[in-house]
Amino acid sequence: MDLLLWRHAEAEAEADDDLKRPLTERGQQQAKAMAAWIKAHQPKGLRILASPAVRTRQTAEVLQLPFEIERGIAPGACVSALIATSGWPQAAGAVLLVGHQPSLGRLAALLLAGHEAEWSIKKGALWWFTNRVRRGETQTVLRAVMAPEMLG
């Protein structure tokens, strides 16, 4: 299974309702840069799940691919909810979660270090993990880490 974690791009700082914060102009550019990279490198059968927050939906929309709104990855979601929602590591194919800090960073830490920690995924950045079995041992492989500023 492939699991891609995409943190929403830069959003407006203030709103009465956190779920309604839209992307900034810079955030739109970040999302476009990362979306182009994802479309060029996406694994087959990619299922895209976005948090119900406006900023994650706007980030996902830039891909111009079908996506589902998933409450299990809303702001403040626990790591176990992200795992359950994505189906990691048993699900077939690939899942892209468009979500939030600190949840995505905690999940990345768990996948790579074996325990949750306060790791930070930059706004608009993508971390791509693969689960595989080699010589009877299950392994988590970090395939890529991309940030919008790395893409031009």
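Heads up: the structure comes first, above all this text.
Quick look at the structure, then.

## Overview of unusual backbone geometry
Part 1 of the argument: For the peptide bond that leads from Trp-88 to Pro-89, omega is -5 degrees, which places it in the cis range.
Part 2 of the argument: Turning to its location among the elements, Pro-89 is positioned in the loop between helix 3 (79–86) and strand 4 (94–99).
Part 3 of the argument: Along the chain, Gln-101 connects to Pro-102 via a cis peptide bond; the corresponding omega equals 0 degrees.
Part 4 of the argument: Position of Pro-102 relative to the elements: it lies in the loop between strand 4 and helix 4 (103–113).
Part 5 of the argument: You will see that Gln-64, though not glycine, has its phi angle at about 55 degrees, which is positive.
Part 6 of the argument: Tracing the sequence through the fold places Gln-64 in the loop between helix 2 (54–61) and strand 3 (68–69).

## Quick word on the side chain of Thr-130
Part 1 of the argument: Mapped onto the elements, Thr-130 comes out in strand 5 (residues 126–134).
Part 2 of the argument: According to the relative accessible area criterion, Thr-130 is buried, its value standing at 14%.
Part 3 of the argument: A distance of 2.6 Å separates the side chain of Thr-130 from the side chain of Asp-2, its partner in a polar contact.
Part 4 of the argument: What Thr-130 contacts, discounting residues up to four positions off in sequence, is Met-1, Asp-2, Trp-88, Gln-139, Thr-140, Val-141 and Arg-143.

## Description of helix 2
Part 1 of the argument: Those residues of helix 2 not exposed but buried are Val-54, Arg-55, Thr-56, Thr-59 and Ala-60.
Part 2 of the argument: Elements that come into contact with the buried residues of helix 2 comprise strand 1 (2–7), helix 1 (25–41), strand 2 (46–50) and strand 4.

## What to know about a nonpolar patch on the surface
Part 1 of the argument: On the surface, Leu-112, Trp-119, Leu-142 and Val-145 cluster together into a nonpolar patch covering about 290 Å² of accessible area.
Part 2 of the argument: With respect to the helices and strands, the residue Val-145 is situated in strand 6 (residues 137–146).
Part 3 of the argument: Judged by relative accessible area, Val-145 falls into the partly exposed class, the value being 35%.

## Looking at the pattern of salt bridges
Part 1 of the argument: Considering all chains together, one arrives at 7 salt bridges under this definition.
Part 2 of the argument: One salt bridge connects Glu-10 with Arg-26, and the closest N-O pair in it is separated by 2.9 Å. Residue Glu-10 is found in the loop between strand 1 and helix 1, and its partner Arg-26 is found in helix 1; the two are separated by 16 residues along the sequence.
Part 3 of the argument: Residues participating in the shared-partner salt-bridge network are Asp-18, Arg-21 and Arg-55.

## Concerning the nonpolar core
Part 1 of the argument: In terms of nonpolar packing, the biggest core is built from 20 residues, with Leu-3, Leu-5, Leu-82, Leu-97, Leu-107, Ile-121 and Phe-129 touching the most fellow members.
Part 2 of the argument: Going through the elements one at a time, strand 1, helix 3, strand 4, helix 4 and strand 5 are the ones with two or more residues in this core.
Part 3 of the argument: A per-element tally of this core places helix 4 first, with 4 residues.
Part 4 of the argument: Sequence-distant contacts of Phe-129, that is, excluding residues within four places in its chain, are made with Met-1, Asp-2, Leu-3, Leu-5, Trp-88, Ala-108, Leu-111, Leu-112, Thr-140, Val-141 and Leu-142.
Part 5 of the argument: Counting 18 residues, the second-largest nonpolar core is a separate cluster that includes Ile-48, Leu-63, Val-98 and Ala-144.

About the criteria used
Residues numbered from 1 in each chain as written. Predicted model: local features only at pLDDT ≥ 70, side-chain atom pairs only at ≥ 80, totals over all residues. Heavy atoms only, no water. Helix = DSSP H or I, 4+ residues; strand = E, 2+ residues; numbered from the N terminus. Buried < 20%, exposed > 50% of the residue type's maximum accessible area, 1.4 Å probe, protein only. Polar contact = N/O pair within 3.5 Å; in protein donor to acceptor, adjacent residues only side chain to side chain. Contact = heavy atoms within 4.5 Å. Patch = residues over 30% accessible without salt bridge, like charges linked within 9 Å, V, L, I, M, F, W, Y side chains within 5 Å. Areas by Shrake-Rupley, 256 points an atom, 1.4 Å probe, with all protein chains shown as cover. Salt bridge = Lys/Arg side-chain N within 4 Å of Asp/Glu carboxyl O. Core = buried A, V, L, I, M, F, W, Y, C linked by side-chain atoms within 4.5 Å.

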